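# Descriptive analysis of the structure
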Amino acid sequence: MTPAHSGPVIVRTSRSPSDHVVTALAKSGVATAHEAFGRRGLLGPELRPIYPGARIAGRAVTVLSHPGDNLMIHACIEQCHEGDVLVVATTSRSTDGMFGELFATQLLHRKVRGLVIDAGVRDVADLTALGFPAWSRAVHAQGTAKAVPGSVNVPVVAAGQLIHPGDVIVADDDGVLCVPLAQSEQVVEACARREANEEAKRLRFREGELGIDIYNMRPLLEQLGVRYVDAADDASTSEKDS
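I will try to describe carefully the structure that is included in this document. A quick note: this is a predicted structure, and the numbers were derived from the prediction, not measured.

Scoring rules and cut-offs
Residues numbered from 1 in each chain as written. Predicted model: local features only at pLDDT ≥ 70, side-chain atom pairs only at ≥ 80, totals over all residues. Heavy atoms only, no water. Core = buried A, V, L, I, M, F, W, Y, C linked by side-chain atoms within 4.5 Å. Buried < 20%, exposed > 50% of the residue type's maximum accessible area, 1.4 Å probe, protein only. Contact = heavy atoms within 4.5 Å. Patch = residues over 30% accessible without salt bridge, like charges linked within 9 Å, V, L, I, M, F, W, Y side chains within 5 Å. Areas by Shrake-Rupley, 256 points an atom, 1.4 Å probe, with all protein chains shown as cover. Salt bridge = Lys/Arg side-chain N within 4 Å of Asp/Glu carboxyl O. Helix = DSSP H or I, 4+ residues; strand = E, 2+ residues; numbered from the N terminus. Lys, Arg positive; Asp, Glu negative; His and termini not counted. Polar contact = N/O pair within 3.5 Å; in protein donor to acceptor, adjacent residues only side chain to side chain. Phe/Tyr/Trp six-rings, centres within 6.5 Å; stacked < 30°, edge-to-face > 60°. Lys NZ or Arg CZ within 6 Å of the ring centre and 35° of its normal.

Core analysis: the biggest nonpolar cluster contains 46 residues, and L43, L86, F99, L115, V116, I163 and I169 have the highest contact counts within it. With near-sequence residues (within four places) excluded, L115 lies in contact with L86, V88, F99, V121, F132, P133, A134 and W135.

Moving on: a nonpolar patch on the surface. A contiguous nonpolar surface patch, about 270 Å² in accessible area, is contributed by F205, Y215 and M217. Tracing the sequence through the fold places M217 in the loop between α6 (211-214) and α7 (218-223). Since its relative accessible area comes to 37%, M217 is described here as partly exposed.

As a further point, take the side chain of D69. One can find D69 in the loop between β2 (56-65) and α2 (71-76). Although D69 lies buried, it forms no salt bridge, and the closest oppositely charged side chain, K146, sits 7.7 Å away as judged by the N-O distance. In terms of polar contacts, D69 uses its side chain to reach the backbone amide nitrogen of L71, at 2.9 Å. Ignoring sequence-local partners within four residues, the contact set of D69 consists of M98, T144, A145, K146, A147 and V148.

With that settled, the discussion passes to the pattern of salt bridges. By the definition in use, this model includes 10 salt bridges. What you see here is one network of salt bridges that share partners, running through E46, D118 and R137.

So, about the packing of aromatic side chains. Under the defined criterion, the tally for this structure stands at two aromatic pairs. Ring plane angle 25° and centroid distance 5.4 Å describe the contact between F99 and F103, whose orientation is recorded as stacked. In this pair, the class of F99 matches that of F103, namely buried. Ring geometry for F99 versus F132: centroids 5.7 Å apart, planes at 15°, classification stacked. In this pair, F99 sits in strand β4 (residues 97-99) while F132 sits in the loop between α4 (124-130) and β6 (134-139), placing the two residues 33 residues apart along the sequence. Per residue, the accessibility class of F99 equals that of F132, and both read buried. An aromatic cluster is defined as three or more aromatic residues linked by ring pairs; in this entry it consists of F99, F103 and F132. Across from the ring centre of F37, 4.2 Å away, lies the NZ or CZ of R40, which sits over that ring.

Right under this line is the structure:
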């Protein structure tokens, strides 16, 4: 629980998911975990990976920054540990390039898994070469100041989603998901059930069955007034042939 405070603050916290939860959610990925969580927790689709193929999960270390100012990203790095995911939000909308290769170099030394930032990044070629995954609102070379205080490890809203420090962040090519720490074990269990169900259906699809039958959708279509009719040109062709 983040303590009550007023004004800028850097909160030291050990609130964290278990290794089992993080590993399982990384394996399941965003789409499966989102469905297993009752279609909740997604950050907005404006956050996109800077390069394809990355899939991560980890403890959220949160930063609340002034737009166009990355002072608090510098201040937060000593709070980041192995397996964490840095989550940066701003007090108002920003696309400035608040994060680049020098930040990534520091975070890689601490074995941080990646970045989610509701603002811009730059040095994308260098980040890609380093293998440091990032999900951002923009890629933008616009530089930033280091002058305005903010907070570290406080609740933030990033791309429309509330994130608390210690929550589980899952990110891949499909987007970014936040799973609240208190519900993370249940979501892992729900993911396992969903994956087993999907594999059973996958086997049936490979044998030629259709989703419309497996999901018993024909009665629904009929109830909704959907009718099957033969195209007029098909009917004309049949009459000529006869």
